[in-house]
Each structure stands twice: as structure tokens, then as C-alpha cells.
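Secondary and tertiary structure notes
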Amino acid sequence: MSHNTITINQQQQPLDHLESVWLFGYGSLIYKADFPYLQRKPARIHGWQRRFWQGSHDHRGTPEAPGRVATLVEAPQHSCDGMAYEVTPDVFAHLDHREKNGYLRIFTRFDWLDGSGQVEGLVYIAGPDNEAYLGEASPQQIARHIARSKGPSGPNSEYLLKLADALRELGEQDEHVFAIESELKKLLA
Ligand code: SIN
């Protein structure tokens, strides 16, 4: 699959007939909301884990030297906390462009973190069949990769460190992210 997913997302999943759509963010979408939204609420999806297994050619790296950013991988016994945004369908023109490097939108259910119920919404996931996928590596290897990478959106380390802070604010204990953060901080010290 081509790593530019804009056309696939827009053709497979037209949203214009909807008044608003909930979007679940688990990576940079938690801490960088550069789009208008109607409301936002902490949420949890089940059956997925956050992993720094996706390459970034356009934000935190380049095609020649991709950075490493978050995607979700299937993990039936696990859940992942993040931030959900209610947006109008036109906002997906911007979001599809931002997430174009391998991320496909899927509809899924997520629960509100405050226990007040659940909603059906979209999440962007970069699966193992996209051209920018990098796959599994140890926290040390991922930290070394992140420490040397940068792209048009800034240093790759900023992505990781901002996400780790945002997860702490949400009360999310993400051992994968925190292990990389600890290795990265040693390298940056
Ligand atoms: C997300 O944050 O939900 C998707 C991945 C990213 O943009 O960092």
C-alpha cells in the first residue's frame, strides 16, 4: 500500500453526510490539536496498544531518514487511553493530510475515561502493510533512532517527550512510551 493514504481515506470513507464525527487520538493528536473541534474528552479503546513502530517521512523525519512515531497494534487483552475530539466532517481534509504517511481511518468504539458511556468514532492506524512501517525494536534502539531524527514538524525527540508528558497528564501508564522516554533522556543529557 502506498504510504500516501489521502485518496484511500477519502474514497473509502466519505463523511460529508454526518453532522459531526468523533476522532480518537493516541499520539501527537493528544497534545497537538491544530484543528477546530466542538469538544474533547479523554477516552479509551480496547484491543490496541500504542507502539513507536511507524516511520515518519513528513513530520519527524524525511523519506531518506524517517523518524519513528506512534501507531496502534492489535493486542486483544490491552487498551489504550487517549483524547477524543468531536469535529465537523470538513476537518478531515486537514487531518487526512496530516496523517497521510500510512495512516488509514477506521471506525471503532471507544469508552469515555470517566465511565460515562461510549461512542463510535474514527481512529487513524498505520498498519504493518504500509510502506513507511518500521516495526518492532527495543526501547534503546527506538530511543537512538528518535534522538538522531528530525523533520519538517521538528525534532523526533519533541514528539516522544510531549506525548509522554501528555500521557502522564491523562494518568495513562504506558510502559512502552515511558521506557523509550527514559532511554532518550539519557541520550539527550
Ligand atoms: C494519533 O495521534 O492519533 C495518530 C498518530 C499521530 O498523528 O501522531
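Throughout what follows, the structure given in this document is the object of discussion. (Residues numbered from 1 in each chain as written. Predicted model: local features only at pLDDT ≥ 70, side-chain atom pairs only at ≥ 80, totals over all residues. Heavy atoms only, no water.)

Some thoughts on the packing of aromatic side chains
Just so we agree on the cut-off: Put simply, two rings from Phe, Tyr or Trp (the six-membered ring, in Trp's case) pair if the centres are within 6.5 Å, and we call them stacked under 30 degrees between planes, edge-to-face over 60, tilted for the rest. In this text, helices come from DSSP runs of H or I with a minimum length of four residues, and strands from runs of E with a minimum of two, each type numbered from the N-terminal end. Only protein chains enter the accessibility calculation, which uses a 1.4 Å probe; a residue is then buried when its area is under 20% of its type maximum, exposed when over 50%, and partly exposed in between.
Counted by the stated rule, this structure contains nine aromatic pairs. The interplanar angle of 45° and the centroid separation of 5.4 Å between the aromatic rings of Phe24 and Phe110 together place this pair among those described as tilted. Of this pair, Phe24 sits in strand β1 (residues 21–25) while Phe110 sits in strand β4 (residues 104–112), and the two are 86 residues apart along the sequence. By relative accessible area, which is 0% here, Phe110 ends up buried. Ring centres 6.1 Å apart and planes at 85° place the aromatic pair Tyr31 and Tyr159 in the edge-to-face group. In this pair, Tyr31 is assigned in helix α2 (residues 28–31) and Tyr159 in helix α5 (residues 156–170), connecting sequence segments 128 residues apart.

Comments concerning the layout of surface pockets
In plain terms, the rule: Cavity: a set of points on a 1 Å grid over the protein atoms alone where a 1.4 Å probe fits but cannot get out. Pocket: an open set with protein on both sides within 12 Å along at least five of seven lines, its lining residues, like those of a cavity, having an atom within 4 Å of a point. Grid points are joined across faces, edges and corners, and a volume is the space filled by probe spheres set on the points.
Its boundaries defined by the atoms lining it, the largest pocket holds a volume of some 310 Å³. Around the largest pocket, the lining is made up of 24 residues, and of these Ser28, His59, Arg98, Glu99 and Tyr159 lie nearest the centre. For the lining of the largest pocket, the elements supplying multiple residues, two or more each, are β1, α2, β2 (39–56), β3 (67–87) and α3 (91–98). When residues in the lining of the largest pocket are grouped by element, the largest group, three residues, is from β2.

Topic: helix α4 (residues 139–148)
We apply this condition: By construction, the arc corresponds to the directions joining the helix axis to the C-beta atoms. It only takes one pair of heavy atoms within 4.5 Å for two residues to be counted as in contact.
Burial in α4 covers these residues: Ile142, Ala143, His145 and Ile146. Each buried residue of α4 sits inside an arc of 160° when the element is viewed along its axis, so together they form one side. Buried residues in α4 make contact with β2, β3, α5 and α6 (175–188).

Describing the packing of α5 against α6
Filter applied, for reference: To define axes, lines are fitted to C-alpha atoms, for helices over the stretch in contact only, and angles between the resulting N-to-C directions are given on a 0 to 180 degree scale. Any angle that is under 35 degrees is reported as roughly parallel, and any over 145 degrees as roughly antiparallel; angles of 65 to 115 degrees are reported as roughly perpendicular and all others as oblique. Crossing chirality is assigned from the near helix's rotation relative to the far helix, an anticlockwise turn below a right angle marking it left-handed and a clockwise turn marking it right-handed. Just so you know the grouping, Ala, Val, Leu, Ile, Met, Phe, Trp, Tyr, Cys and Pro go in nonpolar, Asp, Glu, Lys and Arg go in charged, and all remaining residues, Gly too, go in polar.
Interaxial distance between α5 and α6 falls to 10 Å at its minimum, and their mutual angle equals 130°. In terms of their interaxial angle, α5 and α6 are classed as oblique. Relative to α6, α5 is oriented so that their crossing is left-handed. The segment α5 lies against α6, with Ser157, Leu160, Leu161, Ala164, Asp165, Leu167 and Arg168 engaging Val177, Phe178, Ile180, Glu181, Leu184, Lys185 and Leu188. When its residues are assigned to classes, the contact of α5 with α6 shows nine nonpolar, one polar and four charged.

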